[in-house]
Amino acid sequence: MQMETTVLKMRAQITQLRMQSINSLILVAKTENVERFTLESSDYIEQRIFNIYVLTKDITAFKCDSCESAFMFWLRPFPVGKIMEIRDLDDYLFRNEIGLELDYSINGWDSLNVAFYMNVMGYAFETIRQMNATFDVLPTFTCEAGPSEPNITTTDVQVRIYKIDRNREHEDALFNKEVGVWTPLSKLSVMYGTLQVDVRNLNIFRVVTLIQPPFVQRTGDPNTPYEGYCIDLINMIQVEVNFTYTIYEVEDGSFGTMDDNGNWNGLIGALVSGSADIALAPLSVMAERENDVDFTVPYYDLVGTTILMKKADVEYSLFKFMKVLEWPVWLCIVAAYLFTSVLLWIFDRFSPYSFTNNQERYQNDIEKRQFSLKECLWFCMTSLTPQGGGEAPKNISGRLVAATWWLFGFIIIASYTANLAAFLTVSRLEQPISSLDDLAKQYKIEYAPIKGSASETYFRRMAEIEETFYNMWKEMSLNESMSPRDRAKLAVWDYPVSDKFTNMWRYMQESKLPPDMDAAVDRVLNSVDGFAFIGDATEIKYAALTNCKLQQVGTEFSRKPYAIAVQSGHILKDKISSAILMLLNQRRLETLKEKWWTDNPNKVNCPDSSDKSDGISIQNIGGVFIVILAGIALSIITLAFEYYYYKRKARKAAEKEKEQMEMKVHQVIQNGVHNHNGDAPKTASSITKNGNAVMKRMKRSNSVSAYENTAFQY
């Protein structure tokens, strides 16, 4: 029969069922209707007159705070494996014509819902007839559609069986535990040996978690599969509270969001459905979550939302100091240098008052500088240095040219020095995005949070609030029941409510929300136009901690604490809260922070960005040292050339002087022989002989002075 939903009719229906001696009831209804039915039939449930079995696909919290007694089995269908939603029959036929294998989601297709419930109802009736058995043999069910619809087999759906128990002795504690799983293929799987287990006496609790380093991360060891801040925390709590737990990962890997029908997924969905007792993760305390689950006292500081971006690629160049001025400017400076040097040389050569043309006038001056072309080039070059160019030209025309060059050099050097410092520092500190407002004002860089995260909920809700305020203002301004004067007060030219989050949420949807943290980091690192990930500050802090290419941008906003979530009314809530307060007082949680943040084994030692702003790196100024080395190398080559040139010139001069001396000696010998021709033949012969000996000694000598001494002796 159809369940009544109003209070009076429901009470009459319950009385009718009691008069008909119906003890086993199968309720196919929403959670809110089940709560209402349980409240009205609490006395019958406590006396075990009614055995209630609830079949629903709602994943909303069964709280029933006013219920004094509740005892029932819940059967919830869950999709497993690949899920695909078929929206119409033509789409179904098209896919089957091309031979695609189809899986179905439980949501979205009424015929599938009806077929599923009809089959599970048959299973439930069969189960009730076998109440004395142990629920270990369950029939396989299929769903045959009508002639106008495709045949469907629910092989991709599992039914999870939960047991809810509350009595007058523990009216503040609601026990909701998953006790079994049934699928058409593997049949029934019981978790605690039997479905008739007393869930109030179980000291084994199921903990659901998700991977988010450093709070929870995999180890690869089957004995201890998880580690992290939260794992150490639950182990500390376990010692204080004295309970046993098993831990598993949530199937969809999300924290939990609510759809339009009030159904939860992720960690919150596991608690609401009864699949888990405790949600252990960096889970933010939010008002909508507190409506359906309970939170312990926070175990972590307030954590906000912030932005993760890729660090700007700083362009390093050894000759970056040359890029301060453009190449045409450098060429103009070189041209001005050459032109001024040549002009000085011309003025010094043709001016009647220059040193070159008045050497007698300036012969008593200490500085006697003749401005040749080489000297003019040197003068103009050294004038640009703190050393100065030295003695200026004597002529007034030359001094005017020199003064003009000095003024030119002063302006160029001052401009270059100021721009060099700015050029080397601003390029490193330049950051196009520094806050959320900067993101909202531009459309080049895409940005988005993770789908299903608390950050997504924040932006979606802020956009909805702006839309609500806009509609309220519009209704007020167009309300004809108001007086003209009051309506005129609302007639403003500017839109009175900001549409910042509305535009941001629209742009996020266009940018496509990443499914998980890995996908978000990959987009940040590899996006061509840039991508900014908006998420929890701890996620972003850890990403920047383990990757030097990433950085946190802006300050945190929408700050919320992290806490452990339990089922609504769970018996462990107060015990866990007390244990957390004790750990906080003992400062043991600060030790965990130190372990998993400061001393994290995955931490990467990145160069400190603040150090870069304090000075100029060698990558940008190293070209100056190359210039010094090039100058030293050039000077060494010049020295070698000068030495070689001087030695060659000195050798040629010595050879020339030697030839001249030989000619002189030879001439002296000849003159001596000629003067003694009248003497005896013996005397002439001895002169010739002595002269030849002198010539031999002169040839063996290597110096000009030796030549002179030899000739003198002769």
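Residues numbered from 1 in each chain as written. Predicted model: local features only at pLDDT ≥ 70, side-chain atom pairs only at ≥ 80, totals over all residues. Heavy atoms only, no water.

1. Let's talk about the UniProt feature "transmembrane region" (unreviewed entry) in the protein chain
Here is the rule: UniProt positions are given in the numbering used here, feature names are shortened, and annotations may be inferred rather than shown by experiment. Counting from the N terminus, the helices are DSSP H or I runs at least four residues long and the strands are E runs at least two residues long.
With numbering matched to this structure, UniProt assigns "transmembrane region" (unreviewed entry) to residues 327-347, 403-426 and 621-646. Regarding residues 327-347, the helix share stands at 100% and the strand share at 0%, and the terminal C-alpha atoms are separated by 30 Å. Taken end to end, residues 621-646 has its terminal C-alpha atoms 38 Å apart, with 100% of it in helix and 0% in strand.

2. Considerations on a nonpolar patch on the surface
Quick note on the threshold: Candidates for patches are residues over 30% relative accessible area with no salt bridge; among them, like charges are joined within 9 Å and nonpolar side chains (Val, Leu, Ile, Met, Phe, Trp, Tyr) within 5 Å. Only the protein chains shown count as cover for residues, and the accessible areas themselves come from Shrake-Rupley with a 1.4 Å probe. For this document, the term salt bridge refers to a Lys or Arg side-chain nitrogen within 4 Å of an Asp or Glu carboxyl oxygen.
Among the surface-exposed residues, I618, V624, F625, I628, L629, I632 and I636 lie close enough to one another that they form a single nonpolar patch of about 660 Å² accessible area. Here F625 lies in helix α21 (residues 618-675).

3. Structural notes on the packing of aromatic side chains
Here is the rule: Stacked, tilted and edge-to-face pairs are distinguished by plane angle, under 30 degrees for stacked and over 60 for edge-to-face with tilted covering the rest, among Phe, Tyr and Trp rings (Trp via its six-membered ring) whose centres lie within 6.5 Å. For every residue, the accessible area obtained with a 1.4 Å probe (protein chains only) is divided by the maximum for its type, and the residue is called buried under 20%, exposed over 50%, and partly exposed between those limits.
In total, this model carries 25 aromatic pairs according to the counting rule given. Considering the side-chain rings of Y458 and F557, the 5.7 Å spacing of their centres and the 45 degrees angle between planes classify their relative orientation as tilted. Residue Y458 is located in helix α13 (residues 454-477), and its partner F557 is located in strand β16 (residues 550-562); the two are separated by 99 residues in the primary sequence. The residues Y458 and F557 share a single accessibility class, namely buried.

4. So, the pairing of strand β2 (residues 51-55)
When a strand is regular, its side chains alternate between the sheet's two faces. Heads up, the rule is: Two strands are counted as paired when DSSP detects at least two bridges linking them.
Of all the 5 residues making up β2, 4 are buried; the element is thus mostly covered by neighbouring parts of the structure. Where strand β1 (residues 24-28) meets β2, 5 bridges bridge the pair, whose relative direction is parallel. Note that in β2 the partner of L25 across the bridge is I52.

5. Some details on the nonpolar core
This is how it is decided: We call a set of buried residues a nonpolar core when its members are Ala, Val, Leu, Ile, Met, Phe, Trp, Tyr or Cys and they connect through side-chain atoms within 4.5 Å of each other.
F37, F62, M72 and L267 are the most contacted members of the largest nonpolar core, which has 47 residues in total. Counting 35 residues, the second-largest nonpolar core is a separate cluster that includes F215, V241, Y299 and L592.

6. Brief notes about the pattern of salt bridges
The final tally for this structure, using the stated rule, is 16 salt bridges. A salt bridge links D198 to R200, with the shortest nitrogen-to-oxygen separation between them at 3.5 Å. On the basis of relative accessibility, which here comes to 29%, the residue D198 falls in the partly exposed class. Of the charged contacts in the structure, one is a salt bridge between R218 and E249, with a shortest N-O distance of 2.9 Å. Taken as a pair, R218 in strand β8 (residues 217-218) and E249 in strand β10 (residues 244-249) lie far apart in primary sequence, 31 residues in all. Judged by its relative accessible area of 26%, E249 falls in the partly exposed class.

7. Overview of the packing of helix α9 (residues 327-350) against helix α10 (residues 373-382)
Our working rule: Every axis corresponds to a line fitted to the C-alpha atoms, with the helix fit spanning only the stretch in contact, and the corresponding angles, defined between N-to-C directions, vary from 0 to 180 degrees. Each angle receives one of four descriptions, namely roughly parallel if under 35 degrees, roughly antiparallel if over 145, roughly perpendicular if within 65 to 115, and oblique otherwise. By convention, the crossing between two helices is left-handed when the near helix turns anticlockwise from the far helix through less than a right angle, and right-handed when the turn is clockwise. Here, two residues are considered to be in contact whenever any of their heavy atoms come within 4.5 Å of each other. Each residue gets one of three labels, nonpolar for Ala, Val, Leu, Ile, Met, Phe, Trp, Tyr, Cys and Pro, charged for Asp, Glu, Lys and Arg, and polar for the others, Gly among them.
Two numbers describe how α9 lies on α10: the axes approach to 8 Å, and their chain directions differ by 130 degrees. Here α9 lies oblique to α10, going by the angle between them. For the pair α9 and α10, the sense of crossing is right-handed. Of α10, the residues touching α9 (which contributes Y337, L338, T340, S341, V342, L344 and W345) are L373, C376, L377, F379, C380 and M381. Of the residues belonging to the contact of α9 with α10, the class tally is 11 nonpolar, 2 polar and no charged.

8. Comments concerning helix α16 (residues 517-526)
Heads up, the condition is: Directions drawn from the helix axis to the C-beta atoms are what define this arc.
All of the buried residues in α16 are M517, A520, V521, V524 and L525. Projected onto a plane normal to the axis of α16, the buried residues spread over an arc of 130 degrees and lie on a single side. Turned more than 90 degrees off the buried face of α16, the exposed positions are D518 and N526. Those residues of α16 hidden inside the fold are in contact with β13 (300-310), β15 (531-536), α17 (537-546) and β16.

9. Quick word on a positive patch on the surface
Quick note on the threshold: Positive charges come from Lys and Arg alone, negative charges from Asp and Glu alone, with His and the N- and C-terminal ends not counted. Every charge is mapped to an atom, namely NZ of Lys, CZ of Arg, CG of Asp or CD of Glu.
A contiguous patch of positive charge on the surface is contributed by K647, R648, R651 and K652. With respect to the element layout, K647 can be found in helix α21.

10. Structural notes on the state of the cysteines
Definition in use: By disulfide we mean two sulfur atoms from cysteines, separated by a distance within 2.5 Å.
Overall, the coordinates contain 1 disulfide when judged by the stated rule. C548 shares a disulfide with C606; S-S distance 1.9 Å. Taking the torsion about the S-S bond as the criterion, the C548 to C606 disulfide, at about -90 degrees, is left-handed. Separated by 58 residues along the polypeptide, C548 in the loop between α17 and β16 and C606 in the loop between α19 (588-598) and α20 (609-614) bring together distant segments of the chain.

11. So, unusual backbone geometry
The omega torsion across P213 and P214 is 0 degrees, close enough to zero to call that bond cis. Its place among the elements puts P214 in the loop between β7 (204-209) and β8. Even without a glycine there, the phi angle at N242 is positive, about 65 degrees. You can see N242 is positioned in the loop between α6 (229-241) and β10. A relative accessible area of 59% places N242 in the exposed class. Although it is not a glycine, S558 adopts a positive phi angle of roughly 55 degrees. Relative to the assigned elements, S558 resides in strand β16. Among the residues examined, S558 registers a relative accessible area of 24% and is labelled partly exposed.

12. Some details on the UniProt feature "site: Interaction with the cone snail toxin Con-ikot-ikot" (unreviewed entry) in the protein chain
As recorded in UniProt, the sites labelled "site: Interaction with the cone snail toxin Con-ikot-ikot" (unreviewed entry) are R460. Examined against the element boundaries, R460 turns out to sit in helix α13. Residue classification places R460 among the buried residues on the basis of a relative accessible area of 18%.

13. What about the sheet that holds strand β17 (residues 565-567)?
The 5 strands lie next to each other as β10-β7-β11-β17-β12, forming an open sheet whose pairing is mixed. Two strands lie at the open edges of the sheet, namely β10 and β12 (293-295), each paired on one side alone. Along the sheet, successive strands turn relative to each other by an average axial angle of 30 degrees, direction set aside. As judged from the 3 bridges shared by β7 and strand β11 (residues 278-280), these two strands associate in the parallel manner.

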